[in-house]
Every structure is written in C-alpha cells, then in structure tokens.
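Results of the structural survey
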Amino acid sequence: MNQPNELKIYNSLSKEKEVFKPINAPHIGMYVCGPTVYNEVHLGNCRTFVSFDIVYRYLTHLGYKVRYVRNITDVGHLVGDVDSGAEDKISKRARLEKLEPMEIVQKYTNLFHRVMNKLNAIEPSIEPTATGHIVEQIEMVKAILANGYGYEVNGSVYFDMEKLLKERDEYGQLSGKKVEDLLVETRDDLKNQDEKRHPSDFAIWVKAAPSHIMRWPSPWSDGFPGWHLECSAMSTKYLGEQFDIHGGGMDLQFPHHENEVAQNIGACGCAPVKYWMHGNMLELEGRKMSKSTGHTIFPDELFSGDNNILSKGYSPMVLRFFMLQAHYRSTLNITDDALQAAEKGYLRMLEAYQTLQGLEHSGEENLTADDQQINKMLDLAYAGMNDDFNTALALGKLNVVIPKINSIKNGRLPMSNISKVTLDRMKKVFHDFIFDVFGLLDETQVGGQEEDHDLLDNVMQILIEMRQEARNNKDWAASDKLRDALQAAGVQIKDGKEGASWVKI
Ligand code: AMP
Ligand code: ZN
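It should be emphasised that the depicted structure is a prediction, and the values quoted were computed from it without experimental measurement.

**Here's the deal with the overall build of the chain**
Counting its secondary structure elements, the chain contains 16 helices and 17 strands. Over its C-alpha trace the chain gives a radius of gyration of 25 Å, about what one expects of a compact globule, namely 23 Å for 505 residues. Taking all 505 residues of the chain together, the buried fraction comes to 53%. If you take every contact in the chain between residues at least 6 apart in sequence, the share linking residues at least 24 apart comes to 73%. Within the structure as shown, the chain displays about 22200 Å² of accessible surface, and the carbon and sulfur contribution to it stands at 49%. Each charge class in the chain was averaged separately, 56 positive and 72 negative side chains, and the resulting centres sit 1 Å apart.

Spelled out as structure tokens, the structure:
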C-alpha cells in the first residue's frame, strides 16, 4: 500500500467513521447504483458519479485491486405514484419520443458515457444492465420465495417485510427509520396496493398489464422485476453475497438501499454490504437538483454556457475541481461565483504544477522550517483523503504549498531552503493527487487538442449515422466505402453492442 495511514470511511450503517478493513485485501468489491437511462444525466447525478470515481481512484492509488461495478437501470423504475398509474420511466419516454424502449436506453446510455468521459471518470470494471440480468433476478425471487420471505398474488411477487422486521434487525439501519414508521411508510409505485399483505411490503416481481411493453416470462407471470431487485441480483453475481463498499446518492438510502438489504437477507441470509457510502445532493439555487422535477442544469448546458443561470460556460475540469472543493457528504450548491472561484483555483493549481515540474534542485540544502512545513502539508493532504475521502481537506493542504512553489519560482524562497528529497516528493505528490486521485486533466496544455477532439467526435457521429442509414437501407457498398475511406484517413469504426464508435488508428 502506498500510504501507511489508516483509511477511514463513514459507514451509513453505523453512522460512524470506521477504519477500512477490506473483506479480502488487496481485493475490493465496490458497487455503485448507476443512472436510470430515460433521459440525460443532470449535474447532480454527475456529482455522485464523480464522488465515487474519486473513491475508486484513491483506493486504486493506495494499491488495492478494485472491482468496480456500476449498473445501468434500464427497466423497472416506475413513474408516478400508486394512484397515478405505474408506467416504466423508460417506456414512458419511448412513448413520448416515439422510439423503442431499447432505443431510449441506448441513446441515454451513450450520452451518459460521453458526459462521464468529458468529466474524465474512469469506466467501471463491469457495467451490467437490469435487462441483461432478468434470469438472475428471477432466480433471486425464487430464492426469496423458497426462504419464506416473499409471497405471490395474481402473478406478482411481494417481499414480506413484516416477517423480516420481526426476525431481523438489519432493516431500517441505513435510513435510521423506526420499525413502526417503516410499517406505515414504505410504499412503491404500484397500483396493486391491495394485493400486499402489508403496506410496507414491496414488489420484487410485477405482473405486466397488457399495455406494458417491457415484459419477460417468469414462473409467476409475464412481467418485470421490481426496481430494487436488479442491484441485489447484480451485486451478488459480480461481487458475491458479501462485499466491501456500496455507494449511491443519499436519496437512495430509503427505500432503494434498505430494500436491497432486505432482498439479500431474504435470498442469501446475510446483509450484503460492509460499508455503505452515500453522497450528498448537488443543489441549484439552494434546492436539490432532480430529473423528475425538472430543477436541473444539464452538463452540456454548463459547459457551453447555454443556460439562464450562469454567466458563462465552465469547462468539465472546472466542474470537477468545483466538486472536489466539497466533501462528498456535504451538500454542494452550484452558483456562478463558486464556479468562477473553482476556475481560478483549478488554473492556479495547474500553473503551480507546471512550475514545480520545471524546478531543478540547486544541490545545496539546509534543513529549514519551509522544508518541514511542506512535508507536513503533503502528509495532511493524504490525511485528508484518509479521513473519509475528504477531497476538500486534501485540496486545501496542497493549496498551502502553492505559494511556496511560486516563491521558489520568483526567487523569494531560495531553493536551498528545500531539500532535494522534499522537492522530488512535492513533484510526485502533486502529480499523483492532481491526475491520479483527483482525476483532473490539464486543459491548459491540451485545451486545443480537446476542442479538436470534440469537433472530430461531432463530425464522426454524423458519419456514423450516415453509415448506419446506408446499412439500414442495405446499401452495403456505400457503408463499406465510408468505412474504408475513414480507415484510410486514420479512423476506424468499431461496431459494438452499444452501437458504433470510433478510434484513431
Ligand atoms: P437516478 O438516475 O435518478 O437513479 O440517479 C443516479 C444517481 O444520482 C443516484 O445515485 C442518485 O442518488 C444520484 N442523484 C440524483 N439526484 C442527485 C443530486 N441532486 N445530487 C447528487 N446526486 C444525485
Ligand atoms: Zn441500486
């Protein structure tokens, strides 16, 4: 491991910071609830994914081998409430956009990936989809039924919450809700409340109404899985019945994560997760950003400046830096002033980094207070990250070192006040933090290239669509000609299950 200090993680289960002890070090299993791909991700979603990107990066930096699973919810997340009907979010969007549900899924998955790329978030090790794991979900329902924690009514299967609450005390720990409250409060978005034995029971398999498009055969009915089931089934499949870290936004604690715990206990007899981590909400003008209420700014609107709230556009790395300035468990409010400050802070840090890389040690050295202070700040930057991934603290400590770097550059601080060991350590720690841990890119160095890349990408999307049109019309000659010409120009089109993509060759 790179750093001797102990990493502590705030565990939503115990409501305390606990020393992190992986179940099977150096391996770590981490599951993060991914987006529901029925429309574009908003900046709030991005904050949660960036927070867990940093968790992933830091664990990797410490030397752990992390299997990072982040799902795509492409079925089962229903719109509306008990009385307003229970349409799947994806199907509803498909109806509105006059597309196949899977076209909606593909379109918004692609957009999600593009935004994550812009924000330089590392791809998860596995990105499973709910529709790709219907078999596993059906098996889990069977196990829950076999263990007596579920019951079937008219082709739908419900989780028997009363039984769980009587027998085990794990349910409610995450959200801190009391059993009596849980018994009245839990409800899901289903019309068939009268089928449940108890209001707190929730559907794990839902019989599809005749008009419902997204449906699969099962032993109980043609239907679809309840939303909470996918995460239990997929985390168990890829990370085992018990794994280290499960993340998501705080709004998922209840009922989604509580119900995941219930399902795992029902199916496997044990609570699945050692450390539950929840990121706090991104706010816009002091209110939670949310897709369903429309109180949002989309990433591209922030990057381009094409919105009514901010005075100008801010680059993806400025946004990332802005997010780093707050601890993931604090709320973060988007304002123009805060983004402007983040822009300055980001540029200042990169400038200091470039200066630092250019510094050569003079050879002489006296052990001075500067030397000690710098080393202390570098230690504290690590201590910040070890304190529940506190990026704000870590960033703050690196910021204290920046004036020293600038003073060496303009001659106010003699190089001999700093030992060679310290200078080398500064170079390494700044590099590791900025690029590996914080995941920032140096837009000042590659800015032009990035813009070129975006432009090329936009052009390539047009060409990919033209080729697809040719293929749809079975005009193979035209589609091959396009592919070959692009190949000759140095671009290869790759067909994958998520549609075509391109790479430079
Ligand atoms: P969804 O696509 O709505 O299922 O949300 C995807 C992820 O984004 C979940 O982990 C949510 O908790 C998280 N999320 C939703 N809204 C916000 C917000 N305003 N701030 C931070 N995270 C959010
Ligand atoms: Zn989930």
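**Looking at the coordination of the zinc ion (ligand 2)**
The zinc ion (ligand 2) binds to the protein through Cys-33 (SG), Cys-231 (SG) and His-256 (NE2), with metal-donor distances spanning 2.0 to 2.2 Å. Since its relative accessible area comes to 1%, Cys-231 is described here as buried. When its relative accessible area of 2% is taken as the criterion, His-256 is described as buried.

**Some details on the side chain of Ser-218**
Checked against the element boundaries, Ser-218 lands in the loop between β9 (202-207) and β10 (223-225). Engagement of the side chain of Ser-218 in a polar contact is seen with the side chain of Trp-205, the distance being 3.2 Å. In this structure, Ser-218 is in contact with Ile-138 and Trp-205, ignoring residues within four places of it in sequence.

**A closer look at the sheet that holds β9**
On the basis of which strands lie adjacent, the open sheet formed by four strands has the order β7-β8-β9-β10 and antiparallel pairing. Since the sheet does not close on itself, it has two edges, and those belong to β7 (150-153) and β10, each with one partner. Taken over all neighbouring pairs, the strand axes of this sheet differ in orientation by 20° on average, direction set aside. By the bridge criterion, three bridges tie β9 to β10 in an arrangement that is antiparallel. Note that in β10 the partner of Lys-207 across the bridge is Gly-223. Where helix α8 (residues 253-268) meets the sheet, it contacts β8 (156-159) and β9, and its direction lies at approximately 80° from that of β9.

Cut-offs applied
- Residues numbered from 1 in each chain as written.
- Chains lettered and ligands numbered in written order.
- Predicted model: local features only at pLDDT ≥ 70, side-chain atom pairs only at ≥ 80, totals over all residues.
- Heavy atoms only, no water.
- Helix = DSSP H or I, 4+ residues; strand = E, 2+ residues; numbered from the N terminus.
- Rg over C-alpha atoms; globule rule 2.2 N^0.38 Å.
- Buried < 20%, exposed > 50% of the residue type's maximum accessible area, 1.4 Å probe, protein only.
- Contact = heavy atoms within 4.5 Å.
- Areas by Shrake-Rupley, 256 points an atom, 1.4 Å probe, with all protein chains shown as cover.
- Lys, Arg positive; Asp, Glu negative; His and termini not counted.
- Charge placed at Lys NZ, Arg CZ, Asp CG, Glu CD.
- Donors = N, O, S within 2.8 Å, 3.2 Å for Na, K, Ca; no water.
- Polar contact = N/O pair within 3.5 Å; in protein donor to acceptor, adjacent residues only side chain to side chain.
- Pairing = 2+ DSSP bridges.
- Axes fitted to C-alpha atoms, helices over the stretch in contact; angles between N-to-C directions.

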